[in-house]
Amino acid sequence: MTPQLWILIGIQIAMGAFDTFYHHEFTERLAWRPSQRHELKLHAVRNGLYALLFLVLGWLEVHGIWAAITVAALAAEIVITLMDFVEEDLSRRLPASERINHTLLAINYGAILALLLPVLVDWALRPSGIKIADAGLIGLAATASAVGAGLFGLRDFTASRRLARMSRVPASDLVDRLSERQTVLVTGATGFIGSRLVAALAGSGHQVIALVRNPAKLEMLPPFTVVTSLDQVSADARIDAIVNLAGEPIGNGLWTDAKRRTIIESRINMTADVIKLIARLEQKPAVLVSGSAVGWYGLWQDQPLTESAKSHACFSHELCEVWEAAARGAQALGVRVVCLRIGLVLGTDGGFITRMLTPFEFGLGGPLGSGRQWMSWIERDDLIRLIAYVIARSDLSGPINATAPIPVTNMKFTEELARRLHRPAVFRVPSGLLRRIGGDFANELLLGGQRVLPNRALSSGFVFRHQTLRSAFEAIL
């Protein structure tokens, strides 16, 4: 086998490793997406074939029938890859970098076949047999690659079996408080929370108007009305409730001055557009449910915080305060306004916990800083139920804490997640390092915290299905 062939194989291994680690594990997180169970099965079989091929090419010369079997394995890889392309097209939208990487992998694989097939054909014409062919360092590199491919094949196989066991509450069961058919406008409809809310409303027979800035984010043809601008909603439209969740994510990058402006302006501008829509509607909606966050309270230590608590000044408070103030503009138009101060939302389809699953599953998790900071959390389906609840309850208005009744410290959160994944969690991240890298972002989102209690939700009669973190993890993991 020529050096050029080994160079191409090395390139294929490098691009495959990048695709596995960057796309499959860290960005797309396929191992925790139930919709990708069949894709993971295909990956498992393909990785197994790669492991065998690397070992054969690195250490052996296969003649006769064995060479023919090797050619069949190469052909099987092509078939599996084509099946994988179809499965990906049906089940998810690939990011641009993954599509490019797949194209390069296919081109490079074709070049490998162009150089490798003549060798295998020559071997196939010889008497059947297997010879040891010591390739030195190349053989060792091939062995390491085979071990890596085999391990990830096993991981993908076990992940697909785990996903088959995972169950999810039907979305339509989450909004049973809305007994009468309603028309609900949702902004941020393709987000982690909004997509589940839209599915719940549409699945239970309600009419949904979904504001979608980028229709390409829709996974499939939706059973609801899609608009890309609120100007497309006519003045005579009947809208019973508006749920305003749209805004630039706050946890996907450091808080530079430009990022802070974008975070604030995205929420103020969207909420202003909602108020303008309400003003021109001939029939006003009964309620505006607007997003906010527990960051409104600022940084606290151990003090329990209900809706009557005061705030401490910081960027998180500034952001939530201007967002809530903008939403309160609907009160002058006769609309009831509820501002949900949302905690850390738990689910495997998105949110902050998806960034933790991969390092924790590989045994690299641990507490942040001292681990004593409080984490006020809520399971995503409970949040959807709470949104439906406040829409239905005409006596509820103003700020409402959307958090589970039992907040936990970061140390307890870490221990519970590690226990559920059956992994150790000993890699503590120093607070000084986080502050040097992340500044206020780390100080407020990672090392600071609030011990928030959902006083108004509980006193009004709302019942959380997941009051404890263990219950939530058992439901979603």
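Calculation notes
Residues numbered from 1 in each chain as written. Predicted model: local features only at pLDDT ≥ 70, side-chain atom pairs only at ≥ 80, totals over all residues. Heavy atoms only, no water. Helix = DSSP H or I, 4+ residues; strand = E, 2+ residues; numbered from the N terminus. Buried < 20%, exposed > 50% of the residue type's maximum accessible area, 1.4 Å probe, protein only. Contact = heavy atoms within 4.5 Å. Areas by Shrake-Rupley, 256 points an atom, 1.4 Å probe, with all protein chains shown as cover. Lys, Arg positive; Asp, Glu negative; His and termini not counted. Charge placed at Lys NZ, Arg CZ, Asp CG, Glu CD. Patch = residues over 30% accessible without salt bridge, like charges linked within 9 Å, V, L, I, M, F, W, Y side chains within 5 Å. Salt bridge = Lys/Arg side-chain N within 4 Å of Asp/Glu carboxyl O. Axes fitted to C-alpha atoms, helices over the stretch in contact; angles between N-to-C directions. Parallel < 35°, antiparallel > 145°, perpendicular 65-115°, else oblique. Left-handed = near helix turned anticlockwise from the far one by under 90°. Nonpolar A, V, L, I, M, F, W, Y, C, P; charged D, E, K, R; others polar. Pairing = 2+ DSSP bridges. Right-handed = clockwise from strand over helix to strand, strands pointing away.

Q: I tried to follow the overall build of the chain on my own but got confused; where do I start?
A: Helices and strands together make up the secondary structure of the chain, namely 15 helices and 15 strands. Across its three principal axes, the chain shows a C-alpha extent of roughly 90 × 50 × 40 Å. Within the span of the chain, comprising 477 residues, buried residues form 51% of the whole. A separation of at least 24 residues holds for 82% of the contacts in the chain among residues at least 6 apart in sequence. Of the roughly 21700 Å² of accessible surface on the chain, 61% is carried by carbon and sulfur atoms. Taking the average place of the 48 positive charges on the side chains of the chain and the average place of its 42 negative ones, the gap between the two points comes to 4 Å.

Q: Explanation requested: a nonpolar patch on the surface in the structure shown.
A: On the surface, a nonpolar cluster with roughly 390 Å² of combined accessible area is contributed by Ile-65, Trp-66, Ile-69 and Ile-130. Here the element with the most residues in the nonpolar patch is helix α3 (residues 65-91); it accounts for three residues. Mapping Ile-65 onto the fold places it in helix α3.

Q: Even after reading the chapter, I still don't get the packing of helix α9 (residues 354-361) against helix α11 (residues 410-421), so can you show me in this structure?
A: Two packed helices can be described by the angle between their axes and the distance between those axes. At their nearest, the axes of α9 and α11 sit 10 Å apart, and the two run at 60 degrees to each other. Comparing the axis directions of α9 and α11 gives the class oblique. The handedness of the crossing between α9 and α11 comes out as right-handed. Counting all contacts with α9, which are made through Met-356, Leu-357, Phe-360 and Glu-361, the residues of α11 involved are Phe-413, Thr-414, Leu-417, Ala-418 and Leu-421. Its residues assigned to classes, the contact of α9 with α11 comprises seven nonpolar, one polar and one charged.

Q: I keep staring at the pairing of strand β6 (residues 241-244) and nothing clicks. Help me out?
A: As a general feature of sheets, a regular strand has side chains that alternate between the two faces. Residues Ala-241 and Val-243 line one face of β6 and the alternating positions Ile-242 and Asn-244 line the opposite face, and both faces are buried. Pairing of strand β3 (residues 183-187) with β6 involves four bridges; the strand directions are parallel. Opposite Leu-185, over in β6, you have Ile-242 as the bridge partner. In the sheet, β6 pairs with strand β7 (residues 287-293) via four bridges, with the strands oriented parallel. By the bridge assignment for β7, Ala-241 is matched with Val-287. Chirality of the crossover, the property in question, places the unit of β6, helix α7 (residues 257-280) and β7 among those that are right-handed.

Q: Is there a simple way to think about the packing of α11 against helix α15 (residues 469-476) in this case?
A: Two elements in contact, α11 and α15, have axes whose closest approach is 10 Å; the angle formed by their N-to-C orientations is 35 degrees. The two elements α11 and α15 meet at a crossing, and its hand is right-handed. Here Lys-412, Phe-413, Glu-416, Leu-417, Arg-419 and Arg-420 of α11 lie close against α15, whose contacting residues are Leu-469, Arg-470, Phe-473 and Glu-474. Taken together, the residues of the contact of α11 with α15 break down into four nonpolar, no polar and six charged.

Q: Would you explain the pairing of strand β13 (residues 398-402) in this entry?
A: Counting buried residues in β13 gives four out of five residues, a clear majority hidden from the surface. Both strand β9 (residues 336-342) and β13 contribute to a ladder of five bridges, which runs parallel. By the bridge assignment for β13, Leu-340 is matched with Ile-400.

Q: Explain the environment of Asn-214 here, please?
A: Among the structural elements, Asn-214 can be located in the loop between β4 (207-211) and β5 (225-227). Note: C-alpha distance between Asn-214 and Leu-245 (31 residues apart in sequence) is 15 Å.

Q: Help me out: how do you make sense of unusual backbone geometry in this one?
A: One non-glycine residue, Arg-29, adopts positive backbone phi at about 50 degrees. Notably, His-422 is not glycine yet its phi reads approximately 60 degrees, a positive angle. Note that His-422 resides in the loop between α11 and α12 (431-438). His-422 sits in the exposed class, given a relative accessible area of 66%.

So far we have only geometry, and geometry alone does not tell us how the molecule works.
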